[in-house]
Amino acid sequence: CRVASMINNDMIFGHGGANPMPFYLRPIRPISANHLLSASAKFSIVDAFNPMQTLVGLRVGFHNAASNRFLKLHGTAAASPTCDAGAMPDGWQAERFDIVFATNGQVGIKGVYENKYISLQSTGSAVASSNLAAWEWFVLEHFEDGFALKNVHHNKYLEMYNNCCIRGTAGSDGAGKRFSIVKLPGGVDTVPPAVWQKVTNQVCSGEPYTRDQCHLEICNGWSGLTEAGCKAKCENQEVSASCGHRAQRQLCMAASYQPSGGWCQLYSSCGLLQAQSGVHVLRKVDPYGGMSLLQFNTDDDDDIRLDRDDSLLQITDADDDLTELGMALPLALINISTFQTKLAPTNTSNSLDQHLDTLTDLVSGFYAVLHKEMKEDGPLYCPEGNVGLIPMCIALSTCLLQAKVPSKVSMEFYGAMMEQVARFEEVTWETILRALGKEGNLNLDSATIPSKYACDSRDLGNHSLAQPLGAALLQEDSEMERRLIMSRALQRSVESSHRILDSVFWNSSQHQLDSVAEQLDSVWRPICDELGCDSSNYLDVFLTSHRQSAMLLQTNMAAHLRNEIKQRMKLERKVQEVIAGRDAQKFWRPDDYQDASVESFHAYHAKGRAGIEHMLKRARKLGVDKMMLLVNQVDMAFHKRPLEQAFDHEVSNLSLAAVESGDFWDDLAKVFDCIGYGARFTSTGYSYSFNDYVSLALGLSAGDSASLRGLIEMQELTVWASIYAAFAVGACTDIFWVGAQASMTASFGCGYPRLSVTVGFIAAALSKWYSPLVCPFGPTYFGWPNIKCSQAHGFYVTTICCVFDFRTNEHNCR
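Everything numeric here is computed off the predicted structure, so don't read it as measured data. (Residues numbered from 1 in each chain as written. Predicted model: local features only at pLDDT ≥ 70, side-chain atom pairs only at ≥ 80, totals over all residues. Heavy atoms only, no water.)

Peer 1: Could you give me a rundown of the pairing of strand β19 (residues 263–267), with the residues and numbers involved?
Peer 2: Within β19, four of the five residues are buried, which leaves the element mostly enclosed by the surrounding structure. Where strand β18 (residues 254–258) and β19 come together, five bridges link them in antiparallel fashion. Bridge pairing in β19 places Y257 opposite C264. Hairpin geometry of β18 and β19 is characterised by an intervening segment of four residues between the two adjacent antiparallel strands and by a positive phi of about 95° at G261. (Buried < 20%, exposed > 50% of the residue type's maximum accessible area, 1.4 Å probe, protein only. Helix = DSSP H or I, 4+ residues; strand = E, 2+ residues; numbered from the N terminus. Pairing = 2+ DSSP bridges.)

Okay, structure coming up:
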């Protein structure tokens with residue numbers, strides 16, 4: 001063999017003869033020049049498919065000799081200033097990468113500066129991403145003149161071009177695709193062990209991919225293993241060939257182990273757990289990007305990531321009331337949201353009275369805290385039993401929180417609550433009133449927030465700009481002022497968009513819709529020139545606007561953040577109403593948004609979720625007695641049960657034994673398991689409704705169409721299929737769904753399927769659409785006019801979890 005290159009005498013890359021496939025040697029122990037030719041220098045052969053796997057755990061730089069520049073990652077992948085391979089300045093951080101194990105011989109390239117991965121988009125652009133999936137997985141291919149970085153999923157190679165930029169293109173040829181690897185200080189110098197979490201008497205929610213309900217005799221995990229042996233099955237990505245091609249493609253992120261009998265099953269995801277005695281869960285956690293877990297510990301040094309240091313929140317014992325309010329508000333929203341999903345109109349006055357009483361009970365803990373904060377004004381403005389005033393009192397509580405931003409309440413938490421409240425005001429409460437109105441004559445009070453408690457909006461100012469947006473931003477050196485200018489420009493564009501959309505009526509022609517698209521494009525173009533969105537596609541505008549909101553989180557401008565969130569939600573609702581049942585491709589293209597825009601959406605809501613987790617941490621300092629007053633005891637017991645058992649057990653009160661043993665905090669964490677995450681809603685397939693309150697959409701993704709037919713006709717399944725599934729609970733028509741909604745792509749095998757999903761509250765327009773691959777039984781289901789092939793798209797923020805039973809079309813949310 002002939003040595004091709006060497007990295008710090010730690011590793012040898014070589015190839016033999018004319019065979020282009022290289023082999024790679026890694027010393028069992030570090031070697032020096034003196035040991036290089038010694039007989040005692042022993043080597044082990046490692047994966048020849050991807051030499052980059054031998055770099056896992058190292059910190060490296062990628063140098064392109066043709067341009068004499070390093071690869072760097074700062075928002076997008078780019079080229080550094082000119083720099084020799086061995087002379088990277090100590091201050092350069094964006095040019096440093098940690099190599100992280102991914103799967104199947106592939107790795108993630110994680111930038112040190114942003115703690116994100118290089119992600120190769122389908123368009124060929126390379127950007128920073130928090131995800132670690134197919135677009136972020138790379139292999140390293142060896143050539144005579146260097147190494148090439150290949151993304152197998154897109155079959156493209158990273159290329160440095162024009163001495164500035166990085167893109168992904170087909171084919172491995174070209175000097176811009178050749179990199180040398182420079183080992184840098186840092187990393188761990190050895191392949192780091194996976195970080196595992198063990199949870200006893202729990203099992204992952206959902207089905208393991210190593211168990212096929214249709215063929216248990218040939219695919220049902222393993223028995224007779226030790227716990228270490230089960231963990232090794234997951235680490236080594238093992239699966240029986242009898243489980244089929246679908247199981248072979250899964251990436252193991254968790255294993256369940258039952259000591260009795262040594263049973264072992266593997267899971268591709270394990271974000272939610274359910275109680276199961278005698279079973280342990282072994283699941284991977286970061287740094288491998290597998291999942292983000294809420295670890296609800298008692299330690300004061302929990303690593304809840306916020307954009308500001310915790311010391312900036314000057315929390316004292318005197319702020320217990322504020323923490324109580326910070327917990328009471330989301331609990332009230334979760335309770336009311338769960339109530340909405342269970343509210344099936346019955347057309348009886350007795351049911352109306354019962355439902356109004358239930359609503360009163362669900363906010364009783366929230367009202368107790370609100371009254372404590374407002375003192376004698378509490379019962380005056382928010383009297384218990386007056387259901388009509390619930391929306392005003394919830395809005396008032398956000399003003400109380402806003403007054404304490406940022407000294408006592410983080411912008412992240414405040415933003416997360418405003419996202420929930422905006423959806424409560426625009427979707428949830430309207431849906432509740434519509435359902436209650438069918439049960440009897442609703443005569444509810446309403447009110448606006450009293451002036452003494454109204455949110456401070458003095459810094460909003462007017463929305464006019466004396467000059468074009470770009471010129472105004474260029475003249476400002478202060479980042480705070482730039483954010484202020486952008487916020488005002490956004491508000492002005494939202495107001496203009498409402499005026500334009502108000503011109504659309506139910507009988508508007510296609511020509512009028514095209515004119516609306518041109519006007520919206522003109523309104524949003526200045527904003528998109530700055531934020532990088534596509535002004536001709538409002539969905540891309542909507543997603544990218546979260547980038548501006550994320551920037552506001554770095555400031556103290558809570559009023560602007562509040563205004564942006566509420567206006568964005570109102571406009572999103574308006575757009576969905578306009579496109580319902582129409583061809584609106586010229587300004588609403590759900591398949592044409594930018595990947596970077598989706599990243600902005602998820603990154604912003606991840607910050608909000610971190611704010612919620614931080615408030616949970618603060619709540620522990622209140623003690624059980626105070627927190628018990630906030631929690632509806634029946635609902636608490638409901639949350640305590642495994643989600644999949646929600647159909648099978650009666651609710652009982654939370655036992656004192658659970659409180660005394662400390663399980664209360666674990667149960668409370670489960671209540672918050674599903675709130676605050678950004679998610680995509682996609683309904684694709686046959687859509688149909690039940691009593692105008694529950695709607696379902698099912699389409700074929702892969703597999704046998706008999707399973708799709710079995711789901712629609714509520715029959716037991718006997719064959720496997722992958723199904724596009726979506727459901728909505730609320731005000732539903734054949735072109736418009738409003739209420740609690742969720743979507744997923746799920747695999748179904750045998751029996752009567754149930755799905756566990758996270759649910760958000762949105763308005764979604766259904767448009768006529770047909771694909772014989774998704775809807776194999778025709779544009780309507782065997783000619784049934786009420787079951788039509790359609791699609792709907794949107795993005796939402798999760799609030800609760802639900803299980804949907806496809807045998808009965810029932811659900812149970814919490």
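Still more ground to cover, so stick around.
Peer 1: Provide a residue-level description of the nonpolar core, including the pertinent values.
Peer 2: If you look at the biggest cluster of nonpolar residues, it comprises 157 residues, and the most contacted ones within it are F366 and F587. Looking at this core, the element that brings in the most residues is helix α8 (residues 411–437), giving 14 residues. With residues near it in sequence (within four places) discarded, F587 still touches L513, V516, A517, L520, S536, N537, Y538, L539, V575, V578 and I579. Within the second largest apolar cluster, 26 residues are counted, among which are L55, A126, L158 and I181. (Core = buried A, V, L, I, M, F, W, Y, C linked by side-chain atoms within 4.5 Å. Contact = heavy atoms within 4.5 Å.)

Peer 1: Requested: an account of the state of the cysteines, with residues and values cited.
Peer 2: Tallying each qualifying case throughout the model produces seven disulfides. The disulfide partner of C399 is C455, and the gap between their sulfur atoms is 1.9 Å. Residues C399 and C455 share a disulfide whose torsion about the S-S bond is about -95°; that sign makes it left-handed. Linking C399 in helix α7 (residues 390–402) with C455 in the loop between α8 and α9 (469–474), this pair joins segments that are 56 residues apart in sequence. Look at C399 and you get buried, because its relative accessible area is 6%. (Disulfide = S-S within 2.5 Å.)

Peer 1: Give a detailed account of the packing of α7 against helix α13 (residues 558–579), specifying residues and quantitative values.
Peer 2: Packed helices, taken two at a time, are described by the angle between their axes plus the distance between the axes. In contact at an axis separation of 10 Å, α7 and α13 are set at 150° when each is read in the N-to-C sense. Comparing their axes, α13 and α7 come out roughly antiparallel. Crossing of α7 over α13 shows right-handed handedness. Together, A395, T398, C399 and Q402 of α7 and A558, A559 and R562 of α13 make up the contact between the two elements. Residue composition of the contact of α7 with α13, by class: four nonpolar, two polar and one charged. (Axes fitted to C-alpha atoms, helices over the stretch in contact; angles between N-to-C directions. Parallel < 35°, antiparallel > 145°, perpendicular 65-115°, else oblique. Left-handed = near helix turned anticlockwise from the far one by under 90°. Nonpolar A, V, L, I, M, F, W, Y, C, P; charged D, E, K, R; others polar.)

Peer 1: Describe in detail empty space enclosed by the protein, supporting the description with residues and values.
Peer 2: Taken as a whole, this structure holds eleven cavities of 30 Å³ or more when the rule is applied. By volume, the largest cavity amounts to about 130 Å³. What lines the largest cavity is a set of 14 residues, among which L490, V494, S545, E564 and R568 lie closest to the centre. Elements represented by at least two residues in the lining of the largest cavity include exactly α10 (479–501), α12 (538–552) and α13. Looking at which element gives the most residues to the lining of the largest cavity, the answer is α13, with five residues. (1 Å grid on protein atoms, 1.4 Å probe; cavity = no way out; pocket = protein on both sides within 12 Å on 5 of 7 lines; lining within 4 Å. Points joined across faces, edges and corners; volume = space filled by probe spheres on them.)

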